[in-house]
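# Structural characterization, general
Each chain is listed here by its residues.
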There are 2 protein chains.
Amino acid sequence: MATAMAHEHADARPDLLPTLEDRGYRLTGPRLRIAEHLARRRGSFTAEELAGELPGLGRATVYRTVKLLLDAGVLCKATLPDGAARYSLDGPHHHHHFVCVSCGKVQEFRHPAVERLVRAIRSDVPGELVGHRIELYMNCAECLARGQE
Amino acid sequence: MATAMAHEHADARPDLLPTLEDRGYRLTGPRLRIAEHLARRRGSFTAEELAGELPGLGRATVYRTVKLLLDAGVLCKATLPDGAARYSLDGPHHHHHFVCVSCGKVQEFRHPAVERLVRAIRSDVPGELVGHRIELYMNCAECLARGQE
DNA sequence: CCAGCTAATGATACAACATCTCATCCTTGA
DNA sequence: TCAAGGATGAGATGTTGTATCATTAGCTGG
Ligand SMILES: [Mn+2]
Ligand SMILES: [Mn+2]
Ligand SMILES: [Zn+2]
Ligand SMILES: [Zn+2]
């Protein structure tokens, strides 16, 4: 990594089940399987891919659980330029995303100027800001290297 | 409008057909109808809505033409938090979007700090930045006023 | 530990959005 | 004027996600 600004999640979060329990959800077999799979898994994924990686689990259950984990803050969602949604384990702090348009890899980044910018705009806008999405699209170093082999 | 930062497109672009012609596309009846409709229309729309507003035109043709106009820079695409795509006539300059999560209205805005920020990040990132998406989600002034009637 | 309540599951249908197919039409340039 | 081939549109197909609902299986209170 060139700077400390961006990072990938190297460590999976083992506290996925407690998070669900705290929210009053039942700890079921399917949710356990999904949690174990996510802890082992690397990189970003679509809900469809996740369902494919977990044969025996119903598609609807996988979609429901992804939404659950999104609400719980365990997963976060990045959107590709074409609108496709990719999920990845979420870091604990507010952040934004680098998304590789070639391999779909999602890296989180934080930059103080981003929030400063949003604050500056907020005071100028006739209405109520309720959220923002900032995604930077890139070809990651790995994809660049692979491309010019 | 409270500031000069943001604006909606008040004036439609009459130069839609020449743009297509310059790109080597044929000037067909369906494209003419779509162009005239867009020149008259206000606000943002989905491809599906546009197709509904143009009975007699094939759905596939509308979708194809929207993509064409997107490539030509006549239309721009904003993405709602749920992933839905909304199109609107595009201004001539690079910009970003306010999107009202209540009524779907899209307002363009420019802010020098945005591009300054992207430049600052670009030099820090291990890879090649190929684009960015910055969308600010809001409840617009009209929706706020309507909500507390 | 058990029974019962009810959340959760999953097969399936449904829905929205977008693209593909291909026979036909029509714009365009020679 | 007349082919050549781009464009159209009805319909099929694909993708992503949600709704139904009968059945399963956590959880809790007794
Ligand atoms: Mn994230
Ligand atoms: Mn725009
Ligand atoms: Zn990559
Ligand atoms: Zn609004």
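Being a predicted model, the structure only gives us computed values, none of them experimental.

## Considering the interface of chain B and chain A
With 34 residues of chain B in contact, the opposing surface of chain A contributes 36 residues. Counting the surface lost from both chain B and chain A, the interface buries some 3,000 Å², and carbon and sulfur atoms represent 68% of this. Interface area lost by chain B to chain A is led by Pro126(B), Arg133(B) and Tyr137(B), which between them contribute 20%. Counting the contacts that link chain B with chain A gives 1 salt bridge. Residue Glu135(A) is joined to Arg133(B) by a salt bridge in which the shortest nitrogen-to-oxygen separation is 4.0 Å. For the side of chain B that touches chain A, the secondary-structure elements that each account for two or more residues are helix 5 (112–122), strand 6 (127–140) and helix 6 (141–147) of chain B. Tallying contributions element by element places strand 6 of chain B first for the side of chain B that touches chain A, with 14 residues. Strand direction decides the pairing type here: strand 6 (residues 127–140) of chain A and strand 6 of chain B, joined by 13 bridges, are antiparallel. Across the sheet, the residue bridging to Glu128(A) is Asn139(B), located in strand 6 of chain B.

## Overview of the domain arrangement of chain A
Residues and elements named next belong to chain A. Examined at the domain level, chain A breaks down into domain 1 (14–90) and domain 2 (93–149). Domain 1 and domain 2 are separated by 22 Å when their C-alpha centres are compared. Listed by partner, the interface residues are 11 residues for domain 1 and 11 residues for domain 2. When domain 1 packs against domain 2, close to 780 Å² is buried across both sides, 58% of that on carbon and sulfur atoms. Among the residues of domain 1 in contact with domain 2, Ala78, Thr79 and Pro81 are the three that bury the most area, contributing 44% of the side total.

The rules behind these values
Residues numbered from 1 in each chain as written. Chains lettered and ligands numbered in written order. Predicted model: local features only at pLDDT ≥ 70, side-chain atom pairs only at ≥ 80, totals over all residues. Heavy atoms only, no water. Contact = heavy atoms within 4.5 Å. Buried area = accessible area lost by both parts, 1.4 Å probe. Salt bridge = Lys/Arg side-chain N within 4 Å of Asp/Glu carboxyl O. Helix = DSSP H or I, 4+ residues; strand = E, 2+ residues; numbered from the N terminus. Pairing = 2+ DSSP bridges. Domains from an automatic or database assignment.

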